[in-house]
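Chain residues, written in single-letter form:
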Amino acid sequence: MPQLNPLDWAPQLIWLAITFGVLYVLMLKIALPRIGSVIEKRAAKIAGDLEAAEKAKRDTEEALAGYEQALAEAKQKAHAIIEEGRAKLKAETDAERAKLDQELAAKSAEAAARIEKATEAAMKDINSVATDAAADIVRQLIGVAPSKADLERAVTAARKA
Amino acid sequence: MNWITAAYASEGAEHGGGHGGGTGLPDPMHQFEIMRLIPLEIFGFDASFTNSALFMVIAAAVITLAALFAMRNGSLVPGRMQSVAELSYQFVANMVRDNVGTEGMKYFPFIFTLFLFVLTLNMLGMVPYSFTVTSHIAVTFALAAFIFIGVTVIGFWKHGIGFLKFFVPSGVPFIMLPLLVVIEVISYLTRPVSLSVRLFANMMAGHTMLKVFGSFVVALGLLGGWAALAFMVAFTGLELLVAFLQAYVFAILTCIYLNDALHMH
């Protein structure tokens, strides 16, 4: 077995030490830092992108919340305006109606007064008609014309009865 | 690659053409021969640039260039190569995090280098005419011993002398303790052996099998060689799996040993 020849060991070990040592330094100083930095850079980039995405998502959510709040406020305002309008309209209508009621009441009172007056006048006429009729009837019956004052007294008493 | 095959050929000539004994079949162990491509000596040590060293350099270069090429843009949306680089990064990072915890991430560069180095050496070994560095116990044991010593140092550095409690199982009758402590210490000391032999034996056995069946293809000729060839194709697939799996096992066991040192059970 050539492996067991001690004379061949020294050159192998010396060159193993040289090549392994050089390779170790090359890996340590050049190759590994390069690979490591690229991997780290990529990890940092991915983390940064994820963070940016997260931030964008948060911003969107904030904007959405703002929009919804504005919408709610606008709805409330619209509601208030409608309420106000309705109240104003109601007040106006009520005022109008009250005025109308008042006018109608005044008119009906006036009419009632007129009717009263007319009734009074009519009553007065009835007295005079009744007095005349009574004078006529008395003259026809007894041939004597009664005095006007007596007649009036009698008619009034009769009407009261 | 011509000069490598030429080197193999010349080496082969020295060893009698790489043919074992009188069987007429190629020696399946010949592929594991260490060949000095550039003889070199430093401070009295043999530091020759061998075929093993060549493939270690190739592996280190392939890993580095592939990583640099993959990450040349460093784009946010990765391309094909960058995906592979990032997947390996995260594969090993998760392995360390799951098995050692976040404080183990300090050792992530080491585990990453270890995993990719062993994986690339195993995979390069699957290329025909190449050399499998991890099929040598010297290499795997050196790695395992380095890990073993390092992990033990980390354990003592983190817990001080209290790290010795690691060898004393809790909730055991007092009378049993001496025996169990001895077993625990032995099992701890065998870690580098099992770690290195697992990788080395798997790689060596696989490549030997491939070589043996490869020679069967030739020996059995047009008539019977097809069966051996079909087996080889299937076995190559299995070997690719083993190449990955052993690198993974090597790395994950390192993580587990590291976890023991940092957190003690």
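Before any of the text, the structure's been laid out above.
Parameters at a glance
- Residues numbered from 1 in each chain as written.
- Chains lettered and ligands numbered in written order.
- Predicted model: local features only at pLDDT ≥ 70, side-chain atom pairs only at ≥ 80, totals over all residues.
- Heavy atoms only, no water.
- Contact = heavy atoms within 4.5 Å.
- Buried area = accessible area lost by both parts, 1.4 Å probe.
- Salt bridge = Lys/Arg side-chain N within 4 Å of Asp/Glu carboxyl O.
- Polar contact = N/O pair within 3.5 Å; in protein donor to acceptor, adjacent residues only side chain to side chain.
- Axes fitted to C-alpha atoms, helices over the stretch in contact; angles between N-to-C directions.
- Helix = DSSP H or I, 4+ residues; strand = E, 2+ residues; numbered from the N terminus.
- Parallel < 35°, antiparallel > 145°, perpendicular 65-115°, else oblique.
- Left-handed = near helix turned anticlockwise from the far one by under 90°.
- Nonpolar A, V, L, I, M, F, W, Y, C, P; charged D, E, K, R; others polar.

Caption draft 1: Structural context of the interface of chain B and chain A. With 46 residues of chain B at the contact, the number on the chain A side is 32 residues. For the pairing of chain B and chain A, the buried interface totals around 3,600 Å² over both sides, and the portion due to carbon and sulfur atoms is 78%. If you sort the residues of chain B by the area they bury against chain A, B:L76, B:Y89 and B:T113 come out on top, with a joint share of 16%. One can count 2 salt bridges joining chain B with chain A. Remark: the boundary between chain B and chain A carries 7 residue pairs in polar contact (both at pLDDT 80 or more).

Caption draft 2: Fine view of the packing of helix α3 (residues 80–100) of chain B against helix α4 (residues 108–125) of chain B. Residues and elements named next belong to chain B. Between α3 and α4, the shortest axis-to-axis distance is 10 Å and the interhelical angle comes to 120°. On the basis of their axis angle, the class for α3 and α4 is oblique. Handedness of the crossing formed by α3 with α4: right-handed. The segment α3 lies against α4, with S88, Y89, F91, V92, A93 and V96 engaging F108, I111, F112 and F115. Here the contact of α3 with α4 is composed, by residue class, of 9 nonpolar, 1 polar and no charged.

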